Amino acid sequence: LTPRTWAAPAVAALLWLHAVATTTTDDLGLWGLLPALPLTWYAAVALLLVPTWLMAVSPRPPARALGVHLAALVVVLHGTAAAVYEAPRYTFTYKHIGVTEYVVQYGGIDPSIDIYHRWPGLFAAAGWLTEVTGGGDPIRFVAWSEPAFALLGSAAVLALARAVTADERTAWQAAVLSGVLNWVGQNYFSPQAVAFVLMIGVGTLVARFLTGPPGPVGRLVERLVRAVLRVRLPEPPAALPRRPTTPAQRLLVLVLVLLLHFAAVVTHQLTPYALLVQLGALAVLGVLRPLWLVVLMGGLTVLQLVPNFDYVNGRFGLFSGADPLGNATRRPDVLGVLADDKVLQGRLTLLLVLFVWLGALAGAVRRARSGQVRSALLVAVPAFAPMSILVGQAYGGEVRLRVFLFSLPWCCIAITWLWAPVSGALRSRARATTLALVAGLTALFAVSFYGADDLNEVPPDVVEAATRIYRDGQTDAAVLLVAPNFPDRYGPDYTRLGVVALPSLASEGFADRTWSPRATEADVDEVLDLMDEFALDGYLVFSSTQERYARARSIFPGGSMARLEAAVAASPSFRRVFDSPDARVYARDD
Amino acid sequence: VREQRGRQRPAASTPTTPPALPLRQRRAFLLAGRASLGVAVVGAVLDLPGLSVPGVVLATGLLLGMPLVAPLELDLATTVTLALLTGMAALLLMCFAMVASDLWHPHVAAVLLAAAGLQLSWAWARPHDVDP
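**Student:** Got a sec to walk through the overall build of chain A? Specific residues and values, please.
**Tutor:** A tally of helices and strands in chain A yields 24 helices and 4 strands. At 26 Å, chain A has a C-alpha radius of gyration in line with the 25 Å of a compact globule built from 590 residues. Overall size of chain A, expressed as C-alpha extent along the three principal axes, is 85 × 55 × 50 Å. Classification of the 590 residues of chain A by burial places 60% in the buried group. Summing over all exposed atoms, chain A offers an accessible surface of approximately 22900 Å²; the carbon and sulfur share of this is 62%. A distance of 21 Å separates the average location of the 47 positive side-chain charges in chain A from that of its 44 negative side-chain charges.

**Student:** An account of the packing of helix 12 (residues 271-284) of chain A against helix 17 (residues 373-384) of chain A is requested, with residue identities and associated values reported.
**Tutor:** Residues and elements named next belong to chain A. One can describe the packing of helix 12 onto helix 17 by two numbers: an axis separation of 8 Å at closest approach and a directional angle of 145°. For the crossing formed where helix 12 meets helix 17, the hand is right-handed. Along the contact surface, helix 12 presents Gln278, Ala281 and Leu282, while helix 17 presents Leu378, Val381 and Pro382. Class assignment of the residues belonging to the contact of helix 12 with helix 17 gives a composition of 5 nonpolar, 1 polar and no charged.

**Student:** Requested: an account of the pattern of salt bridges, with residues and values cited.
**Tutor:** Using the criterion set out here, one finds 22 salt bridges over all chains in the structure. Between Arg551 of chain A and Asp454 of chain A there is a salt bridge, and its shortest N-O distance comes to 4.0 Å. Here the residue Arg551 of chain A occupies a position in helix 23 (residues 544-552), and Asp454 of chain A occupies one in helix 20 (residues 453-456), the gap between them amounting to 97 residues. The exposure class assigned to Asp454 of chain A is buried, which follows from its relative accessible area of 0%. Through salt bridges with shared partners, a single ionic network connects Arg162, Glu168 and Arg208 of chain A together with Asp75 of chain B.

**Student:** Can you lay out the sheet that holds strand 2 (residues 538-543) of chain A for me, pointing to particular residues and giving the numbers?
**Tutor:** Residue and element names in this part refer to chain A. Across the sheet, which stays open at both edges, the 4 strands sit in the order 1-2-4-3 with mixed pairing between neighbours. The open sheet has two edge strands, strand 1 (478-481) and strand 3 (574-580), and neither has a second partner. Between one strand and the next, the sheet's axes are offset by a mean angle of 25°, whatever the strand orientation. As paired elements, strand 2 and strand 4 (residues 583-588) share 5 bridges and run antiparallel to each other. Following the sheet pairing, Leu540 is matched in strand 4 by Tyr586. Each of strand 1, strand 2 and strand 4 is contacted by helix 23, which is oriented at about 65° to strand 2, the strand it contacts most.

What counts and how
- Residues numbered from 1 in each chain as written.
- Chains lettered and ligands numbered in written order.
- Predicted model: local features only at pLDDT ≥ 70, side-chain atom pairs only at ≥ 80, totals over all residues.
- Heavy atoms only, no water.
- Helix = DSSP H or I, 4+ residues; strand = E, 2+ residues; numbered from the N terminus.
- Rg over C-alpha atoms; globule rule 2.2 N^0.38 Å.
- Buried < 20%, exposed > 50% of the residue type's maximum accessible area, 1.4 Å probe, protein only.
- Areas by Shrake-Rupley, 256 points an atom, 1.4 Å probe, with all protein chains shown as cover.
- Lys, Arg positive; Asp, Glu negative; His and termini not counted.
- Charge placed at Lys NZ, Arg CZ, Asp CG, Glu CD.
- Axes fitted to C-alpha atoms, helices over the stretch in contact; angles between N-to-C directions.
- Left-handed = near helix turned anticlockwise from the far one by under 90°.
- Contact = heavy atoms within 4.5 Å.
- Nonpolar A, V, L, I, M, F, W, Y, C, P; charged D, E, K, R; others polar.
- Salt bridge = Lys/Arg side-chain N within 4 Å of Asp/Glu carboxyl O.
- Pairing = 2+ DSSP bridges.

Listed below in structure tokens is the structure:
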């Protein structure tokens with residue numbers, strides 16, 4: 001336990017604790033959490049990032065010191081929201097908590113309710129965890145899912161990289177990159193977060209134990225790559241000589257692969273298919289053996305789909321059009337026009353995404369040109385195979401985010417080949433250049449990960465309002481939001497309410513109206529007419545989360561949301577049933 | 001070529017199944033797993049999810065996952081990572097089986113899981129006949 005191992009993480013930990021203790025999140029602007037974080041937070045990141053990276057590019061990366069530094073860096077980068085906010089961020093986290101609470105309350109699932117009850121792995125496990133750790137509210141621990149899954153993800157990428165290369169520098173650099181490039185925000189309490197780390201685990205086992213020299217198709221592809229890239233150098237001896245395995249070990253690997261895959265299958269709808277695409281591509285090349293393993297994994301995946309086929313096909317559609325570009329660019333129902341600051345944030349995020357994919361491609365090409373076509377293909381194929389999902393699915397406008405995530409672990413490895421020396425160590429200037437690059441990427445990560453937190457933060461008052469609605473609300477009543485961005489399906493009894501997916505005035509054409517300073521009863525009647533379309537009893541919800549959504553998308557211009565609320569509050573047709581600075585709930589009273 | 005292949009074949013290909021980790025490390029992991037289980041129980045009694053939840057996750061990985069993954073003879077970091085993932089997968093599947101079969105008995109399952117983990121890890125951490 002030398003000072004080299006602990007000094008920087010210890011000082012950074014103190015700086016970080018100071019930062020989270022002094023951050024106030026009462027009035028987040030269009031750049032989210034970033035302006036609210038004090039300088040000590042940025043100092044903590046710098047104090048960890050610089051030595052972590054310099055150790056990772058050093059000729060002999062010190063494993064113990066790097067492990068401590070990387071863990072601290074990941075906690076600071078991915079755990080700040082959990083430490084700063086009083087309630088878990090993202091309004092959509094709460095529906096996952098709601099399903100978990102349902103499992104705890106009723107001791108089971110009801111597949112007729114929604115799709116979460118049909119892929120209940122995470123919710124059942126979280127319900128079990130809630131029960132055996134005291135039976136409290138799962139909301140008490142779900143916020144820490146983000147740093148926990150990020151830590152596990154970085155450790156898994158380290159394992160994956162060690163499975164495809166004997167170079168410790170590549171392995172550690174890939175692990176660091178996985179911490180600073182995963183901006184997608186899928187590590188929150190969600191099925192995809194669990195399935196994602198399981199997916200990397202399967203990739204590790206497969207790459208380590210079940211890959212070998214390519215078959216006829218793979219050899220053909222290798223020849224093509226050599227011809228296109230004009231690779232003259234011969235394939236060097238395997239960089240990572242595979243240790244022979246005993247039959248018992250091989251059997252164990254197969255069992256573990258199936259175990260991890262099946263756990264992902266019962267947890268998430270999309271991840272197992274992405275994994276199948278990756279492994280299927282390796283199997284076609286003849287790199288992965290035995291082929292029947294992929295067939296069996298596919299069988300398990302289909303086995304889970306069959307009883308749910310009609311439901312999924314009827315509600316969402318198995319395929320949403322064979323237009324890759326259309327699927328990639330389709331967005332969830334977007335209202336209004338994004339504020340300029342948000343557009344800039346989106347462009348910075350796009351820069352990060354382009355760096356990852358183009359960097360990985362260039363890294364794989366450089367690797368191949370050095371003669372190591374085989375290892376370049378072993379990484380590049382699973383990195384880019386998930387893009388094939390774009391051919392058939394838009395996944396509610398989120399598919400590009402998911403494809404990025406699925407490809408990220410492998411891309412992190414390929415990116416390091418951009419600067420990996422053919423022999424010897426990196427020169428000091430090259431180390432400084434890569435450090436500057438990684439610092440820039442970390443800045444882009446911070447923008448992408450925390451820049452939208454004006455929309456992601458959920459104040460406790462808003463959580464309390466959702467709790468009251470779903471717990472005490474009139475059975476079969478409709479809940480109408482003024483604008484999106486409010487926790488829905490929250491609490492064990494979320495099915496009591498009539499409409500599961502909450503509609504909003506904004507999505508029903510009210511967003512562009514400038515409500516007069518003295519909104520009239522006729523204006524309110526329009527709102528009531530709309531509510532009638534959903535149910536006779538109902539609630540209208542105003543919250544700070546919706547106000548921020550409206551501000552970011554320039555809807556309800558000129559304070560018209562506040563004027564509408566004033567009219568609703570003054571109307572005899574409504575009665576305020578919940579009142580707090582961050583949320584107000586009005587019940588119909590006619 | 002056949003001659004070359006014959007020469008390249010390593011002598012270690014003789015099937016042997018030595019324990020994956022030295023006895024000292026296996027015992028350390030057994031102790032860490034038991035300590036995690038203890039932390040989980042204390043956290044549950046004191047209603048401190050910050051202790052109990054990581055305690056359960058770590059205990060499952062160390063007591064159940066380690067004995068399963070260690071025979072693969074991987075490096076320590078990879079072994080621990082895969083052990084945690086294996087423990088997590090086992091938990092997911094156990095809980096999925098409970099809700100899918102309408103047999104929701106979380107505390108019974110917890111006791112059985114802990115017993116299985118303790119037994120498995122105890123057997124794994126015993127001195128073996130062949131210990132490098």
